[in-house]
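Analysis of the macromolecular model
What follows is each chain in one-letter form.
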Amino acid sequence: MGYKVAVVGATGNVGREMLSVLSERGFPADEVVALASRRSQGSEVSFGDKILKVKALDTYDFSDTDICLMSAGGAVSKEFSPRIAAKGCIVIDNSSAWRYDADVPLIVPEVNADAIVGFTKKNIIANPNCSTAQLVVALKPLHDRATIKRVVVATYQSVSGAGKDALDELFSQTRAVFVSDPIENRKFPKRIAFNVIPQIDVFQDDGFTREEWKMVAETKKILDPKIKLVATCVRVPVFVAHSEAVAVEFEHPLSADEAREILREAPGCLVVDKREDGGYVTPVEAAGEDATYISRIRDDPTVDNGLMMWVVSDNLRKGAALNAVQIAEVLINRKLIQPKRQAA
Ligand SMILES: NC(=O)c1ccc[n+]([C@@H]2O[C@H](COP(=O)([O-])OP(=O)(O)OC[C@H]3O[C@@H](n4cnc5c(N)ncnc54)[C@H](OP(=O)(O)O)[C@@H]3O)[C@@H](O)[C@H]2O)c1
């Protein structure tokens, strides 16, 4: 028998994408269950060519479920993940609730799949923030070759990273601009339509935002605690896919040509880097795709051993749903999990 998989947050941006990714990749599941809040109980979501009726998380019994892909926010995860894990169901969580817990592995399979074995302490595995996931996929092969000392990154993050209500806000504000209706800001602190907002998540005392802090803490945990990173995270009026302008300083020399060759061979990376009009990837092309696209690779003449690059990926896929499903595949491929119903 195959696995029984529950998707929590199945009506949300990430949850819907998880269902698509599970179906597209032919994940070895006998049964997939869609869960969300009581508000959505009985509503329907697509899973390949099937329709699933949504069940309520708080009344669902996880006893015979093997894997829970969780994407319902930090508060829900804090409350439910330990209870689900205690039923012997491995939770792969998309929120920030467990990412910094020393007993919870934070995994990007192309980068640190071996760290997954630590999941047995809590039966929980964390998925990184979307902006970190694509960044570390691009940094890892370069770090292996030339040892990264410092990274300076500016992000251009799409609204889908802030959930389904944020997508609606960009759509309705854009319409309101055209028909001269009043503009309402609900999800974002300022207008997002035809604007950019240099704030994602809350401010900390040091002037950085929590999103910027997450990129630092998560890059250290996934890739190397010695890497220094500083970020400016910006929300832009793009529906799907995050972009990042990245400056990297290495311990050892690495030319742009060498970096391009290394990245061409690297798992999860696709280099599109022609030095001509349009010879790079933009969010519109990356949306719906699995790869982390790397463009505009060039030497940084202002530091020793410095490179600049442009990194784009679908935040709902590599930044969330795809990464979570890849983690589940690592569990299965490495035989770290057996279907409960077969074991019984
Ligand atoms: N979007 C991204 O790029 C991204 C990337 C990485 C991580 N994440 C994380 O993934 C999580 C989900 O993000 P999203 O963008 O998919 O948000 P979303 O579109 O707002 O969807 C939220 C989902 O959570 C469900 N939910 C809310 N409260 C619940 C409760 N009490 N019990 C059960 N289900 C509940 C919602 O169900 P109802 O429809 O019933 O309300 C909905 O299915 C968040 O933790 C987010 O930080 C998102």
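Check the entry above for the structure.
What comes next concerns the included structure. (Residues numbered from 1 in each chain as written. Predicted model: local features only at pLDDT ≥ 70, side-chain atom pairs only at ≥ 80, totals over all residues. Heavy atoms only, no water.)

**Digging into the packing of aromatic side chains**
- Scanning the model with the defined rule gives four aromatic pairs in all.
- Arranged with centres 4.8 Å apart and planes meeting at 70 degrees, the rings of Tyr100 and Trp213 form a pair that is edge-to-face. Within this pair, whereas Tyr100 is found in the loop between strand 7 (90–93) and helix 3 (109–112), its partner Trp213 is found in helix 6 (residues 210–222), the two being separated by 113 residues in sequence.
- Owing to a relative accessible area of 28%, Tyr100 belongs among the partly exposed residues under this scheme.
- Geometrically, the ring pair formed by Phe178 and Phe194 is edge-to-face, given 5.9 Å between the ring centres and 80 degrees between the ring planes. Of the two residues, Phe178 is situated in helix 5 (residues 164–179) and Phe194 in the loop between helix 5 and helix 6; the sequence distance between them amounts to 16 residues.
- The exposed category is assigned to Phe178, whose relative accessible area is 64%. (Phe/Tyr/Trp six-rings, centres within 6.5 Å; stacked < 30°, edge-to-face > 60°. Helix = DSSP H or I, 4+ residues; strand = E, 2+ residues; numbered from the N terminus. Buried < 20%, exposed > 50% of the residue type's maximum accessible area, 1.4 Å probe, protein only.)

**Quick look at the site of the ligand**
- Around the ligand, a shell composed of 26 residues is seen, among which Thr11, Ser37, Arg39, Ser40 and Lys164 lie nearest.
- Here an oxygen atom of the ligand and a backbone polar atom of Gly9 are 3.1 Å apart.
- Taking Thr11, its side chain carries an N or O atom lying 2.5 Å from an oxygen atom of the ligand.
- In the complex, the protein chains occlude 81% of the 900 Å² of accessible area that the ligand would expose alone.
- Elements represented by at least two residues in the shell around the ligand include exactly helix 1 (13–24) and helix 9 (317–333).
- In terms of residue class, the shell around the ligand is built from nine nonpolar, 15 polar and two charged. (Near = heavy atom within 4 Å. Polar contact = N/O pair within 3.5 Å; in protein donor to acceptor, adjacent residues only side chain to side chain. Areas by Shrake-Rupley, 256 points an atom, 1.4 Å probe, with all protein chains shown as cover. Nonpolar A, V, L, I, M, F, W, Y, C, P; charged D, E, K, R; others polar.)

**With respect to the sheet that holds strand 12 (residues 269–271)**
- Spatially, the six strands line up as an open sheet ordered 10-9-11-14-13-12, and their pairing is mixed. Each having just a single partner strand, strand 10 (228–235) and strand 12 make up the two edges of the open sheet. The sheet shows a mean angle of 25 degrees between the axes of neighbouring strands, direction not considered.
- As paired elements, strand 11 (residues 242–250) and strand 14 (residues 306–313) share eight bridges and run antiparallel to each other. For Val248, the partnering residue across the bridge sits in strand 14 and is Leu307. (Pairing = 2+ DSSP bridges. Axes fitted to C-alpha atoms, helices over the stretch in contact; angles between N-to-C directions.)

**So, the pattern of salt bridges**
- This model, assessed by the stated rule, comprises 25 salt bridges.
- The partner of Glu24 in a salt bridge is Arg317, with the nearest N and O atoms 2.5 Å apart. Residue Glu24 is found in helix 1, and its partner Arg317 is found in helix 9; the two are separated by 293 residues along the sequence.
- Relative accessible area serves as the criterion here: at 52%, Glu24 is assigned to the exposed category.
- A residue is classified by how much of its surface remains accessible, and Arg317, at 3% relative accessible area, is buried.
- As a salt-bridge pair, Glu110 and Lys318 come within 2.8 Å of each other at their nearest N and O atoms. Separated by 208 residues along the polypeptide, Glu110 in helix 3 and Lys318 in helix 9 bring together distant segments of the chain.
- On the basis of relative accessibility, which here comes to 18%, the residue Glu110 falls in the buried class.
- Looking at Lys318, the relative accessible area reads 1%, which means it is buried.
- Here the salt bridges do not stand alone but share partners, grouping Lys4, Glu31, Asp64 and Arg341 into one network. (Salt bridge = Lys/Arg side-chain N within 4 Å of Asp/Glu carboxyl O.)

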